[in-house]
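# A look at the structure
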Amino acid sequence: MRLTILGGGGFRVPLVHRALLDDARRDAPGRVTELVLFDTDSMRARVIKSVLTAQAEGVPGAPSLRVADDLDDALRGTDFVFSAIRVGGTAGRVRDERIALDEGVLGQETVGAGGVLYGMRTIPVALDIARRVAEVAPDAWVINFTNPAGMVTEAMSTVLGDRVIGICDSPVGLVKRAAQAAGADPDRVEYDYVGLNHLGWLRGLTQDGQDLLPGLLRDGAALATFEEGKLFGADWLRALGALPNEYLQYYYFRRETLRAVQESEHTRGEFLDRQQGDFFARADQSPERAYELWQRTRLEREETYGAATRAASGGWQRDSCDLEGGGYERVALALMRAVAGDERARLILNIRNQGTVPEIDREAVIETVCEVGAKGAQPLPCGPLREDQLGLMLQLKAVERAVIDAAVDRDRQAALRALALHPLVDSPAVAARILERSAG
Ligand code: G6P
Ligand code: MN
C-alpha cells in the first residue's frame, strides 16, 4: 500500500513515520510499504528524509521512501493522501496572529481572526490539491490534517465528497485523559463527542454501560489531574455538565486568555518560526544529526504547547504522558487501517453532517464520533445539543462558510462577514481594519 504525504517536509511527519515503523515491526496486514513525500520546499523535504532514514535504521520491512518532484507525480498510483500543508509557512502564522493582536483581539492559528486569515489563505491551495487528486488519483482517500482542519476539510469535500476526512488529535486526547482520570481504560470506553473542529464537547463517557462523566465531574481531585480539568476548573465544568475541547478556553475565558496571549513575549507563531527555522537550518547543515535535533526540538515544542492557556488558568506544566505525541498519527493510522482493511473502528473525525445535527446543513463538516470501514466514515447518531452548544456551533459554522466563500470567490464582503461574525472579533469595524492590514 502506498501513502503520499503532502507537506512531506512538515515537522510532524516523523511521528506518522514512527507509527508506520511500528506496523512494519509487527508485520501488520495491509500496512504501508511505500511512502512518498512531496513538499514545495525541497530543503525541508530533504531534512525530513534524513530524519526518517535515521529513524528507520535497523527496522526490517520499513516502508520505502521517495521524495516526489511534483504534485501529480506524488499523487499518481497512491492509495492514501495525508494533506498536512502550511500555506505561507510559519511566517504566515506570525502575521495572522500579530495582525489580530494589534487590533486587540485573539491571535491564534485556528481560533478567532488568526484562524479566519489562515483559512482564507489555505483554502484555495487545498482546493487545487483536491482537484488534482480527483483527476490523478480518483480512488485515493484523503486524510486532511491541514488547519484550520474543519473548514479546510469542508472546502475539499466540495470536490472529493466523502473521500476526504479531517482529523485532529485534541478530541482523542480529551477522551483518553478523561477516561484515565475516571479510572477507566481509554481503549474500552465509549463516548459521546460532538461539535466542530476545535469547538466540541465530550458529553458522555461510558464503560460497561455506565456513564462515568457525572461521577468525574463531581470529583474535584480527579478533575485537577488532567489538562481540561485544569484549563476550565471544576466549578465551570460542573455548570456545563460536559468536558469541552481545550480550544474552547479561548471562548469561555475570552478576557483571561487574550490577556495571557498579549502578555507573552512571543506569540506561538513567533516561537515556532524561530524554533523550526533553527531546526531546519541546523539539520540541513548536519544531516547526520537531523534525527537527534528533531527529537530535541519535538520535545520542546510539546512542552511549550498551550503555554498561554495554561498561564490563563494558573500556570502549570503539561503532564509527561501528554508530551509523548502519538495522538494525531494514531488517529490517522487507525483510520487508514479501518478503510483499507475494512476493520471496523470508532473514531472522532471531521466529516459531512448528513443529518447528525439536524439544525446544521447536511453537507457541512462537523467533528463527531464515526464508525469507519471500507466504505469510509459514517457519523453515529448523537443526542440533541444544548442550546448554548448549538448556538456556538451554528455561529462558527457561519464563520467557516463565509471563509470558504471569501476564499473561493475572492469576495471581500464574505471575508468581512467571516471576521465580524466571529465571536472573538465581534465588530465589523475591527474586522475591516484586520482585512486592510492583512492585504497590506
Ligand atoms: C493540537 C491541535 C492541532 C495543532 C497542534 C500543534 O494537537 O489539535 O491542530 O496543529 O496542537 O499546535 P502548535 O501550536 O504546536 O502548532
Ligand atoms: Mn487540531
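Our structure's up above, just so we're on the same page.
Just so it is clear, the model here is predicted, and its values are computed rather than measured.

For the protein, the helix and strand inventory stands at 20 helices and 13 strands. Taken over C-alpha atoms, the radius of gyration comes to 21 Å for the protein, in line with the 22 Å a tight globule of 440 residues would show. Along the first, second and third principal axes, the C-alpha atoms of the protein reach 55 × 50 × 40 Å. Of all 440 residues assigned to the protein, the portion counted as buried reaches 57%. Carbon and sulfur atoms provide 47% of the accessible area of the protein, an area that totals close to 18200 Å². Each charge sign in the protein was given a centre, from 53 positive and 65 negative side chains, and these centres are 1 Å apart.

Let us now look at the site of ligand 1. Around ligand 1, the structure places R12, R93, N147, C168, D169, S170, H198, Y247, R268, L272, R301 and Y305. Contact between ligand 1 and H198: an oxygen atom at 3.2 Å from a side-chain N or O atom of the residue. R268 is positioned such that a nitrogen or oxygen atom in its side chain is 2.8 Å from an oxygen atom of ligand 1. Against a free-state accessible area of 390 Å², the protein chains account for coverage of 90% of ligand 1. A per-class count over the shell around ligand 1 returns four nonpolar, three polar and five charged.

For the pair helix α19 (residues 412-421) and helix α20 (residues 428-439), the least separation of the axes is 8 Å and the interaxial angle reads 125°. Our classification of the angle between α19 and α20 gives oblique. Two packed elements cross with a definite hand, and for α19 against α20 that hand is right-handed. Each of R412, A415, L416, L419 and A420 in α19 lies in contact with α20, whose residues at this interface are P428, A431, A432, I434 and L435. For the contact of α19 with α20, the per-class residue count stands at nine nonpolar, no polar and one charged.

Let us look at the environment of V189. Residue position: V189 is located in the loop between α7 (170-181) and β7 (190-196). On a C-alpha basis, the gap between V189 and Y250 in space is 28 Å, while along the polypeptide they are 61 residues apart. Not counting the four nearest positions on each side in its chain, V189 is found in contact with V175, A179, A184, L205, T206, Q207 and L212.

About the thresholds
Residues numbered from 1 in each chain as written. Chains lettered and ligands numbered in written order. Predicted model: local features only at pLDDT ≥ 70, side-chain atom pairs only at ≥ 80, totals over all residues. Heavy atoms only, no water. Helix = DSSP H or I, 4+ residues; strand = E, 2+ residues; numbered from the N terminus. Rg over C-alpha atoms; globule rule 2.2 N^0.38 Å. Buried < 20%, exposed > 50% of the residue type's maximum accessible area, 1.4 Å probe, protein only. Areas by Shrake-Rupley, 256 points an atom, 1.4 Å probe, with all protein chains shown as cover. Lys, Arg positive; Asp, Glu negative; His and termini not counted. Charge placed at Lys NZ, Arg CZ, Asp CG, Glu CD. Near = heavy atom within 4 Å. Polar contact = N/O pair within 3.5 Å; in protein donor to acceptor, adjacent residues only side chain to side chain. Nonpolar A, V, L, I, M, F, W, Y, C, P; charged D, E, K, R; others polar. Axes fitted to C-alpha atoms, helices over the stretch in contact; angles between N-to-C directions. Parallel < 35°, antiparallel > 145°, perpendicular 65-115°, else oblique. Left-handed = near helix turned anticlockwise from the far one by under 90°. Contact = heavy atoms within 4.5 Å.

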